[in-house]
Amino acid sequence: NFDEYRHKGIKFYKRVARELQDSDDLAYADRLVTCLLHVLRDRMTMKESLELLSILPMHVKGVYVHGWRMNNDPKRLASEEEFLNALRIKFPHTTGRTPGNNDQLKNDIRSVLNIIKQEAASKGVGDIKPLLPGVLHSFFAVTTDTPSKPVVGIINEGSKHFPEIQPIKNEV
């Protein structure tokens with residue numbers, strides 16, 4: 001049901017805006033999430049992207065794939081600074097709030113990643129760090145989370161809703 005997906009997407013952005021401590025600015029939350037996801041997808045392999053997609057709400061999945069040109073050999077992020085610069089370049093020049101200095105932007109990124117982590121936890125995935133490039137691991141606080149389902153299990157559960165996606169064989 002499209003309205004249900006749209007509603008869950010709006011809820012996701014409202015949670016991001018609250019986490020950013022500006023619940024009235026959904027536009028900034030939307031631009032930040034979009035930029036963050038687009039920078040990530042352009043620097044991740046197809047497999048990594050599909051694993052990340054498996055934990056996002058349907059509407060946010062649409063944002064992730066909008067305009068995506070799949071690349072079998074993506075340019076990897078070399079540093080946190082490169083990531084921040086890529087975000088600033090990708091961020092649209094519009095009226096409204098823009099990313100602040102590096103410390104403010106890092107806090108905003110932590111907020112978005114925290115909401116993505118909560119979304120993943122609601123689907124049984126407790127740790128999303130393995131899904132993300134290593135240069136982003138510093139954005140996560142050390143926690144003692146409960147054990148989670150492996151992402152492969154989440155993807156395989158999704159294949160029953162999307163028959164064109166073949167289950168991944170867990171060779172561990």
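Residues numbered from 1 in each chain as written. Predicted model: local features only at pLDDT ≥ 70, side-chain atom pairs only at ≥ 80, totals over all residues. Heavy atoms only, no water.

With respect to the element layout, Arg41 can be found in helix α2 (residues 26-41). In terms of polar contacts, Arg41 uses its side chain to reach the side chain of His38, at 3.2 Å. Here Tyr64 takes part through its backbone oxygen, which lies 2.5 Å from a polar atom of the side chain of Arg41. When near neighbours in sequence (up to four residues on either side) are disregarded, Arg41 contacts Ser49, Val63, Tyr64, Val65, His66, Gly67 and Trp68. (Helix = DSSP H or I, 4+ residues; strand = E, 2+ residues; numbered from the N terminus. Polar contact = N/O pair within 3.5 Å; in protein donor to acceptor, adjacent residues only side chain to side chain. Contact = heavy atoms within 4.5 Å.)

Let us now look at the environment of Glu51. Structurally, Glu51 is set in helix α3 (residues 46-53). Placed 79 residues apart in sequence, Glu51 and Pro130 show a C-alpha to C-alpha distance of 9.8 Å.

Scanning the model with the defined rule gives nine salt bridges in all. Ionic pairing is found between Lys75 and Glu82, a salt bridge with its closest N-O pair at 2.8 Å. Judged by its relative accessible area of 53%, Lys75 falls in the exposed class. Between Lys123 and Glu119 there is a salt bridge, with the nearest N and O atoms lying 3.9 Å from each other. Lys123 sits in the partly exposed class, given a relative accessible area of 26%. On the accessibility criterion, Glu119 (12% relative accessible area) is buried. Each of Arg15, Glu119 and Lys123 takes part in a single network of salt bridges with overlapping partners. (Salt bridge = Lys/Arg side-chain N within 4 Å of Asp/Glu carboxyl O. Buried < 20%, exposed > 50% of the residue type's maximum accessible area, 1.4 Å probe, protein only.)

It is worth spelling out the nonpolar core at this point. Core analysis: the biggest nonpolar cluster contains 44 residues, and Leu36, Phe83, Ile109, Leu113, Ile116 and Ile128 have the highest contact counts within it. Top contributing element to this core by residue count: α2, with nine residues. Aside from chain neighbours lying at most four places away, what touches Phe83 is Leu36, Val39, Leu40, Leu77, Ile109, Leu136 and Phe139. (Core = buried A, V, L, I, M, F, W, Y, C linked by side-chain atoms within 4.5 Å.)

With that settled, the discussion passes to the packing of α2 against helix α6 (residues 102-122). Running from N to C, α2 and α6 point in directions that differ by 85°, and their axes come no closer than 11 Å. As summarised for this structure, α2 and α6 are arranged roughly perpendicular, according to the angle between their axes. Facing Tyr28, Leu32, Val33, Leu36 and Leu37 of α2, the residues of α6 in contact are Leu105, Asp108, Ile109, Val112, Leu113 and Ile116. By residue class, the composition of the contact of α2 with α6 is 10 nonpolar, no polar and one charged. (Axes fitted to C-alpha atoms, helices over the stretch in contact; angles between N-to-C directions. Parallel < 35°, antiparallel > 145°, perpendicular 65-115°, else oblique. Nonpolar A, V, L, I, M, F, W, Y, C, P; charged D, E, K, R; others polar.)

The next point concerns the packing of α2 against helix α4 (residues 58-65). Two numbers describe how α2 lies on α4: the axes approach to 8 Å, and their chain directions differ by 55°. Relative to α4, α2 is oriented oblique. Both α2 and α4 take part in a crossing whose hand is right-handed. On the side of α2, the interface is formed by Val33, Thr34, Leu37, His38 and Arg41, while α4 contributes Val60, Val63, Tyr64 and Val65. Among the residues forming the contact of α2 with α4, the class breakdown is six nonpolar, two polar and one charged. (Left-handed = near helix turned anticlockwise from the far one by under 90°.)

All right, on to the packing of aromatic side chains then. Counted under the stated rule, the structure contains four aromatic pairs. With centroids separated by 5.6 Å and ring planes inclined at 85°, the aromatic side chains of Phe12 and Tyr13 adopt a geometry described as edge-to-face. Tyr13 shares its class with Phe12; the two are buried. Summarising the aromatic geometry, the rings of Phe83 and Phe139 are spaced 6.1 Å apart at their centres and angled 65° between planes, so their arrangement reads as edge-to-face. (Phe/Tyr/Trp six-rings, centres within 6.5 Å; stacked < 30°, edge-to-face > 60°.)

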